[in-house]
Amino acid sequence: MNNYALAIHGGAGTILQSTMTPEKELAYKNGLQDAIEAGESILKSGGSAFDAVESAIIQLENNPLFNAGKGAVFTNTGTHEMDASIMNGKDLMAGAIAGVQGVKNPISLARAVMEKSEHVLLTGNGAMEFAKKVNAPFENEEYFFVQLRYDQLQQAKQSNSMILDHTEDNPDSYREEHGEKKFGTVGCVALDLQGNLAAGTSTGGMTNKKFGRVGDSSIIGAGTYANNNTCAISCTGHGELFIRSVVAYDISCLMEYKNLSLKEACDIVVMDKLVKIGGEGGLIALDAKGNIVLPFNSDGMYRASKKQNEEIFIGIYK
């Protein structure tokens, strides 16, 4: 019998203690703890890693602090376009959606794509049509309206830039000088008592994004990957660079073909390969033995992990 383990993230980037109020820090930590506990309750009772991943991510999608679901950032046209993916390490089955609007929990819709269609990735209007067919819960625009996110959109429009969900407490001049940014995504990886791995990722993308832009979160192998023979990965960072580096699958490959440990593979990809092409961010990783690695090359990453019979770890800064 295996021991269960799981890890979650709530985004990475220029997350500095100097710009965080104690109240806000506590709110983030509570949000991460709630998500870990939601996933763990399933693993503890013998449930599947797949169910645990979905449950933890739903908690994060329902929390307006995180850029996914309710807290999703605004697009250039003032809408919310959400992406998500989920993968089962047991059989390599996966489901993903991109550019959906009004769907309360995109991670559950990604799961429905895997279980109720013959496809892996559905996008835009077609994904919305599918969501209605499978009775996915929808919410109105008011549900997704978060004042902070709206303010971020106005700032981005003034500077005519896409903003990577930056920390909002500083004036534009500070951000321009220090390059402050936060890559808002949520994700979970889990190992269940049966020895199965699973991974999932969900995001609202970039503030002020245009033209139906899609990042790595809905792309299997880039932002999400799970294989019982190697590992489960969920990424958060500058999506374009993570796509070009096929980050999640690259770690699995290094383990499968070069027999590297999870930590060795993560160090090569996150701390070397990504850095060389300017790819900022991080990921959560879990192998079939229950080893957890939470690497990031940015100033911070909202993260938490829990192994059976051990205390919860919660971290924000380096």
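Residues numbered from 1 in each chain as written. Predicted model: local features only at pLDDT ≥ 70, side-chain atom pairs only at ≥ 80, totals over all residues. Heavy atoms only, no water.

Asker: What am I meant to see in the confidence of the model for the chain here?
Answerer: Keep in mind that low pLDDT regions are not for reading the predicted coordinates in detail. Per-residue confidence for the chain gives a mean pLDDT of 93; residues scoring 70 or more make up 93%. Averaged pLDDT values over the elements of the chain bottom out at 35 in helix α7 (residues 172–178) and peak at 99 in strand β8 (residues 224–226). Confidence over residues 166–179 falls short of pLDDT 50; this stretch has 29 contacts with residues more than four positions distant or in other chains. (pLDDT = per-residue confidence, 0-100. Helix = DSSP H or I, 4+ residues; strand = E, 2+ residues; numbered from the N terminus. Contact = heavy atoms within 4.5 Å.)

Asker: What exactly am I supposed to notice about helix α2 (residues 49–61) here?
Answerer: Each full turn of the α-helix corresponds to 3.6 residues, which orients residues three or four apart in the same direction. With 13 residues, α2 extends 18 Å from end C-alpha to end C-alpha; this agrees with the ideal 18 Å at 1.5 Å per step. Every buried residue of α2 is listed here: Ala49, Phe50, Ala52, Val53, Glu54, Ala56, Ile57, Leu60 and Glu61. In the core, the buried residues of α2 are packed alongside β1 (5–13), α1 (22–44), β2 (82–88), α3 (106–116), β6 (186–191) and β7 (197–203). (Expected span 1.5 Å × (residues − 1). Buried < 20%, exposed > 50% of the residue type's maximum accessible area, 1.4 Å probe, protein only.)

Asker: What is the right way to look at the packing of aromatic side chains in this model?
Answerer: How two aromatic rings sit relative to each other is given by the distance of their centres and the angle of their planes. Enumeration according to the criterion identifies eight aromatic pairs in this entry. Ring centres of Phe74 and Phe145 lie 5.9 Å apart, and the angle between their planes is 70 degrees; on these two criteria the pair is classed as edge-to-face. In this pair, Phe74 sits in the loop between α2 and β2 while Phe145 sits in the loop between α5 (141–144) and α6 (147–158), placing the two residues 71 residues apart along the sequence. Given a relative accessible area of 38%, Phe145 falls into the partly exposed group. Where Phe145 meets Tyr150, the ring centres are 5.4 Å apart and the plane angle is 40 degrees; that geometry is what we call tilted. Assessed through its relative accessible area of 34%, Tyr150 is described here as partly exposed. Grouping aromatic residues by their ring pairs yields a cluster made of Tyr28, Phe66 and Tyr302. One cation-aromatic arrangement involves Lys70 over Tyr143; the distance from NZ or CZ to the ring centre is 4.3 Å. (Phe/Tyr/Trp six-rings, centres within 6.5 Å; stacked < 30°, edge-to-face > 60°. Lys NZ or Arg CZ within 6 Å of the ring centre and 35° of its normal.)

Asker: Which parts of the structure should I look at to understand the pairing of strand β10 (residues 281–287)?
Answerer: On a regular strand, one side chain projects to one face of the sheet and the next to the other, so that they alternate. Taken across its seven residues, β10 has seven buried, putting it largely inside the fold. On β10, burial covers both faces: Gly281, Leu283, Ala285 and Asp287 on one face and Gly282, Ile284 and Leu286 on the other are all buried. When strand β9 (residues 231–237) meets β10, the two strands line up antiparallel, connected through seven bridges. Along β10, the bridge assignment pairs Gly237 with Gly281. Pairing between β10 and strand β11 (residues 292–293): two bridges, direction antiparallel. (Pairing = 2+ DSSP bridges.)

Asker: What's the story with the nonpolar core in this structure? I'm lost.
Answerer: Looking at soluble globular proteins, one finds that nonpolar side chains tend to be buried together. Grouped together as the largest cluster of nonpolar side chains are 50 residues, with contacts concentrated most on Ile8, Ile97, Val100 and Leu109. Considering every element that reaches this core, the biggest residue donor is α2, with seven residues. Discounting residues that sit within four places of it in the chain, Val100 has contacts with His80, Glu81, Met82, Leu109, Ala127 and Met128. Counting residues in each nonpolar core, the second largest holds 37 residues, with Ala7, Leu254, Ala285 and Leu286 among its members. (Core = buried A, V, L, I, M, F, W, Y, C linked by side-chain atoms within 4.5 Å.)

Asker: Please explain the sheet that holds β8 as it appears in this structure.
Answerer: For sheets, the rule is that strands pair by backbone hydrogen bonds, running either parallel or antiparallel. An order of β8-β9-β10-β11 is seen for the four strands of this open sheet, with the pairing classed as antiparallel. If you trace the sheet from one side to the other, it starts and ends with β8 and β11, each paired once. As defined by bridge partners, β8 adjoins β9 across three bridges and the pair is classed as antiparallel. What sits directly across from Tyr225, in β9, is Ile233. Sitting on the sheet, helix α9 (residues 247–258) touches β8, β9 and β10, and the angle it makes with β9 is about 145 degrees. (Axes fitted to C-alpha atoms, helices over the stretch in contact; angles between N-to-C directions.)

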